[in-house]
Amino acid sequence: MKQGIITKGVGGFYDVIVGQDIIRCRARGIFRKDNIVPMVGDKVKISLKDKAIMEILPRRNQLLRPTVANIDVLGVVLTPTHPAPDFYLADKLMINAENDGIKVILLINKIDLTDDNGLNSILNTYKSTNYPIIQLSCKKKSGFERLHEHIKNNVVTLAGQSGVGKTSIINVLYPEKELETGQLSDKISRGRHTTRHTRLLVLPQGGMLVDTPGFSTMNMSELMPEDLPYLYPDFSDHIYGCRFNGCMHDKEPGCMVKEAVSSGFISQERYKRYIRILNELKEFRRNIW
Ligand SMILES: Nc1nc2c(ncn2[C@@H]2O[C@H](COP(=O)(O)OP(=O)(O)OP(=O)(O)O)[C@@H](O)[C@H]2O)c(=O)[nH]1
Ligand SMILES: [Mg+2]
Ligand SMILES: [Zn+2]
């Protein structure tokens, strides 16, 4: 038996990288019986003779949207324009990563296309999170040295809307692979969902990168509403000063999170989305009980 990492899974076959070689395997029937589906990023033991995955090693973490196991860093990719930033999706990606103990970095791509206003609205939204923010242009190939600092020795998954340049970023870091990228469509510049399958690449310069398909909707049904405030690093300095224990930072008086929003320490827009997400999670709980 050999040990490797799943780099891709399509139609019941899994590509497993073992050293330099990619071996296409089937999963043993037993996984289906136990309801375990192998994921990209899984460390597995395979039988070379049968070309089969025999065992999935315990996962350190698993993101469900996008579906990847054993991630160190989630790179949330946003663009100031083309397409316009979907902050609601970005917040949700960050919340899920926090919930799974995965580090977050924010990548602002296509800075060659924008003016200061577009860029500042993203920077101001996320500055109090203290997430590392890296400005990139794939067109000008700028900003990549700083990104590489976060990639070496890590498994980094890129996620975000279709068309923000996730695949383009990987192509700059690993040009030999020439992954397919797509033009934007229509007047409002939407992506065309060019990347269809999650795929892990081992970079020659060290580190692993995971390219994922863009998406726009995401539910977080597994999260409990009362856990949500703790998944906002920009709330953490304020959360313990609230008048009420168990303050959800919504309509309660004496709330220090709301105070911090009023005085500009926390982005107002991000706070509004927090309330929206909180209500969604509550609604979900109401419906299942
Ligand atoms: N001007 C400019 N265009 C870029 C940049 N990065 C990517 N693009 C373009 O944006 C388009 C979409 O890029 P992709 O890399 O396919 O985007 P993606 O996020 O992988 O999209 P999906 O696979 O659909 O999720 C392509 O036409 C790229 O050439 C950039 O930094 N500047
Ligand atoms: Mg892509
Ligand atoms: Zn509060």
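The coordinates are above.
Remember, it's a predicted structure, so these values are computed and weren't measured experimentally.

The rules behind each value
- Residues numbered from 1 in each chain as written.
- Chains lettered and ligands numbered in written order.
- Predicted model: local features only at pLDDT ≥ 70, side-chain atom pairs only at ≥ 80, totals over all residues.
- Heavy atoms only, no water.
- Pairing = 2+ DSSP bridges.
- Helix = DSSP H or I, 4+ residues; strand = E, 2+ residues; numbered from the N terminus.
- Axes fitted to C-alpha atoms, helices over the stretch in contact; angles between N-to-C directions.
- Contact = heavy atoms within 4.5 Å.
- Phe/Tyr/Trp six-rings, centres within 6.5 Å; stacked < 30°, edge-to-face > 60°.
- Buried < 20%, exposed > 50% of the residue type's maximum accessible area, 1.4 Å probe, protein only.
- Lys NZ or Arg CZ within 6 Å of the ring centre and 35° of its normal.

1. Let's talk about the sheet that holds strand β13 (residues 208–211)
Part 1: If you walk across this open sheet you meet the 6 strands as β10-β9-β8-β11-β13-β12, and the pairing is mixed. Edge strands, defined here as strands with exactly one partner in the open sheet, are β10 (133–135) and β12 (199–202). Adjacent strand axes in the sheet meet at a mean angle of 25°, parallel and antiparallel pairs treated alike.
Part 2: In terms of strand pairing, strand β11 (residues 155–159) meets β13 through 3 bridges, oriented parallel. Looking at the pairing, Val155 lines up with Met208 of β13.
Part 3: The sheet contacts of helix α3 (residues 116–126) involve β8 (73–78), β9 (103–108) and β10, and relative to β9 the element is tilted by about 165°.
Part 4: Lying on the sheet, helix α5 (residues 166–173) is in contact with β8, β9, β11, β12 and β13; it crosses β13 at an angle near 150°.

2. Observations concerning the packing of aromatic side chains
Within a pair of aromatic rings, the relevant descriptors are the distance that separates the centres and the angle that separates the planes.
Part 1: Scanning the entire structure with this criterion turns up 5 aromatic pairs.
Part 2: Measuring from ring centre to ring centre gives 4.6 Å for Tyr232 and Phe235, while their planes differ by 20°; the resulting arrangement is stacked.
Part 3: Taking 5.2 Å as the distance between ring centres and 85° as the angle between the ring planes, the aromatic pair formed by Tyr232 and Tyr274 counts as edge-to-face. Taken together, the residues Tyr232 in the loop between β13 and α6 (256–262) and Tyr274 in helix α7 (residues 268–288) connect sequence positions 42 residues apart. Take Tyr232 and Tyr274: they sit in the same class, and that class is buried.
Part 4: These aromatic residues form a ring-pair network of at least three members: Tyr232, Phe235, Tyr271 and Tyr274.
Part 5: We note Arg65 situated over the ring of Phe215; from NZ or CZ to the ring centre the distance is 4.1 Å.
Part 6: Over the ring of Tyr88 we find Arg276, and its NZ or CZ is 3.6 Å from the ring centre.

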